[in-house]
Amino acid sequence: MATYQALVLVPHNHQIMPQIQTKEACQTLPAHQVTVKVQAADLNHKDYLALKPDSKVIYEYPRVGGIDFAGTVTASNDARFIAGETVFATGYGLGTDHDGGFQQSVTVPGDWLQPLPDGMDLKEVMYYGTAGLTAALAVSKLLDQPALQNYDAPILITGVTGSVGSLELAILNKLGYTNLTVVSRQQEIILQDELSRLGATHLLKPAYFLQTASKPLQHQEFSAVLDSVGGDLLAAILPHVTYEGRVTMAGNSAGNRLKATVLPFILRGITLYGIDSVYQKEDERKKMWHLLATKFNLKDWPHPVAKVVAFDELPEILKAGPQTKLPQRTLVEIS
Ligand SMILES: NC(=O)c1ccc[n+]([C@@H]2O[C@H](COP(=O)([O-])OP(=O)(O)OC[C@H]3O[C@@H](n4cnc5c(N)ncnc54)[C@H](OP(=O)(O)O)[C@@H]3O)[C@@H](O)[C@H]2O)c1
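Numbers given for residues are sequential positions, taken from 1 along each chain in its written order. Two thresholds apply to this predicted model, a pLDDT of at least 70 for residue-level local features and 80 or more for giving and counting side-chain atom pairs, whereas whole-chain, interface and lining totals are computed over all residues. Side-chain measures here rest on the full set of heavy atoms in the structure, leaving out hydrogens and waters.

Asks: Sorry, what's going on with the UniProt feature "domain: Enoyl reductase (ER)" (unreviewed entry) in the protein chain here?
Replies: UniProt tags residues 15–318 as "domain: Enoyl reductase (ER)" (unreviewed entry). Each end of residues 15–318 is marked by a C-alpha atom, and these two atoms are 13 Å apart; helix forms 27% of the span and strand 26%. UniProt positions are given in the numbering used here, feature names are shortened, and annotations may be inferred rather than shown by experiment. Numbering goes from the N terminus for both helices and strands, where a helix is a DSSP run of H or I of at least four residues and a strand is a run of E of at least two.

Asks: Hey, could you run me through the sheet that holds strand E4 (residues 63–64) in this one?
Replies: Paired through backbone hydrogen bonds, the strands of a sheet run either parallel or antiparallel to each other. Any two strands with at least two DSSP bridges between them are considered paired. With antiparallel pairing, the three strands of this open sheet are ordered in space as E2-E1-E4. Two strands lie at the open edges of the sheet, namely strand E2 (15–24) and E4, each paired on one side alone. By the bridge criterion, ten bridges tie strand E1 (residues 3–12) to E2 in an arrangement that is antiparallel. Bridging across to E2, Ala6 finds its partner in Gln21.

Asks: Help me understand the pattern of salt bridges in this model?
Replies: Two side chains carrying opposite charge are able to pair once their charged atoms lie near each other. Between Lys or Arg on one side and Asp or Glu on the other, a salt bridge is scored when a side-chain nitrogen of the former is within 4 Å of a carboxyl oxygen of the latter. The tally for this structure, following the rule as stated, stands at eleven salt bridges. Across the pair Glu333 and Lys123 runs a salt bridge whose closest N-O atoms are separated by 2.9 Å. Here the residue Glu333 occupies a position in strand E16 (residues 328–333), and Lys123 occupies one in helix H2 (residues 122–142), the gap between them amounting to 210 residues. The classification of residues rests on relative accessible area computed with a 1.4 Å probe and restricted to protein chains. Under 20% of the type maximum is buried, over 50% is exposed, and intermediate values are partly exposed. Looking at Glu333, the relative accessible area reads 37%, which means it is partly exposed. Among the ionic pairs, Glu194 bridges to Arg197, the shortest N-O distance being 2.7 Å. Taken as a pair, Glu194 and Arg197 lie in helix H4 (residues 189–197) at a separation of three residues, close to a single helical turn. You can call Glu194 buried: its relative accessible area is 12%. Here the salt bridges do not stand alone but share partners, grouping Asp78, Arg80 and Asp111 into one network.

Asks: Is there a simple way to think about the layout of surface pockets in this case?
Replies: Which parts of space are left empty comes out when a probe the size of a water molecule is rolled across the atoms. By volume, the second largest pocket amounts to about 200 Å³. Cavity means a closed set of points on a 1 Å grid over the protein atoms alone, one where a 1.4 Å probe fits but cannot get out, pocket means an open set with protein on both sides within 12 Å along at least 5 of 7 lines, and lining means a residue has an atom within 4 Å of a point. Lining of the second largest pocket is provided by Tyr4, Lys23, Glu24, Ala25, Cys26, Thr35, Asp99, Gln103, Ser105, Val106 and Thr107. Among the elements of the structure, E2 and strand E7 (105–109) are those that each provide at least two residues to the lining of the second largest pocket. Grid points are joined across faces, edges and corners, and a volume is the space filled by probe spheres set on the points.

Asks: Looking at this model, I keep getting lost on the domain arrangement of the protein chain. Mind explaining?
Replies: The figure often quoted for interface size is the accessible area lost as the parts come together. For the protein chain, the domain assignment lists domain 1 (3–115 + 304–333) and domain 2 (130–274). With 14 residues of domain 1 at the contact, the number on the domain 2 side is 17 residues. Summed over the three residues of domain 1 that lose the most area to domain 2, namely Pro304, Lys325 and Pro327, the buried surface amounts to 46% of that side. Any pair of nitrogen or oxygen atoms within 3.5 Å is treated as a polar contact; in protein, a donor-acceptor pairing is required on top of that, and neighbouring residues in sequence qualify only through side-chain atoms on both sides. The interface formed by domain 1 and domain 2 includes three residue pairs in polar contact (both at pLDDT 80 or more). Just so you know the grouping, Ala, Val, Leu, Ile, Met, Phe, Trp, Tyr, Cys and Pro go in nonpolar, Asp, Glu, Lys and Arg go in charged, and all remaining residues, Gly too, go in polar. Across the side of domain 1 that touches domain 2, the residue classes break down as five nonpolar, five polar and four charged. Throughout the structure description, domain borders are defined by an automatic or database domain assignment. Between two residues, a contact is recorded if the distance between any of their heavy atoms is within 4.5 Å. The term buried area refers to how much accessible surface (probe radius 1.4 Å) is lost by two components on association, counted for both of them together.

Okay, structure coming up:
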């Protein structure tokens, strides 16, 4: 019987341990399901969170990790896909509610798969992955805003050393925006150089906002904000948004609770958009991946560094947690 390797998350002594295990290939393929030989995956915030029992991103173990994957169809019971075609998937609870992409063979409903966007190979699609889709969704919410027809419009990005924030920064830089302020807790000069390379024009510490957080309205500074940190930082930023400014909220690195007042909304007409990539509609996903392959594409533009790791390095990498403080995407060569 054919076998393959999978990175399985297993509870052990109140911890979640990542283990490479050998699995037996499925003999029968259910209706509407497609089997993919996984060749590439990537690492996202949630892949690390999955190892923290308190994070509650996984309710049932053992679970094969990996929220994104790309590879080649080996068998299909879905008329839209044929063997030999290259495909990818992000979200839909992969790696959390369902076994994910950190395995050499995965079987999923055809509805979760997409053909590769024009001009992208397996590695490039995983370079963006969930983080790229999220960044594209957030940037797209802002672009028709009247203030952003001016490329000098002041824009603020948080979580900018992370995958989502750094891709948002690089995409806005590519689109021609020239007044990009970023927020980071990090001090290093090397980080400042790297953020400038990606297009940042000003660097602020979270304290800039947090120290005056009790005031419900502040000087109107930013026409648009792309946030992936949430918590107290986002609450403290809202009073700085200009009249009819827009804010996107994609993450919760600094916490789930948003202790804000209604005043920026009712006195300045600001709009707060929630961003979800996991269960995003198919037509919107297609639109975003087309943008990532064209107008938002960073291949020939300064982009966060890409690090490539091997499948068998995954257990140690996941156990160590996110290491770099520089904007970086991590690609995983699965097979
Ligand atoms: N909505 C969606 O569909 C979706 C999709 C992908 C990710 N997400 C969420 O978006 C967030 C970011 O994801 P990511 O992949 O970019 O994560 P990441 O690579 O781990 O980066 C998160 C960044 O946020 C900053 N940060 C972390 N903790 C913070 C704190 N307590 N206060 C202020 N800043 C903090 C850090 O920047 P500094 O160290 O430079 O301050 C860090 O680099 C996560 O919460 C993730 O779950 C949501």
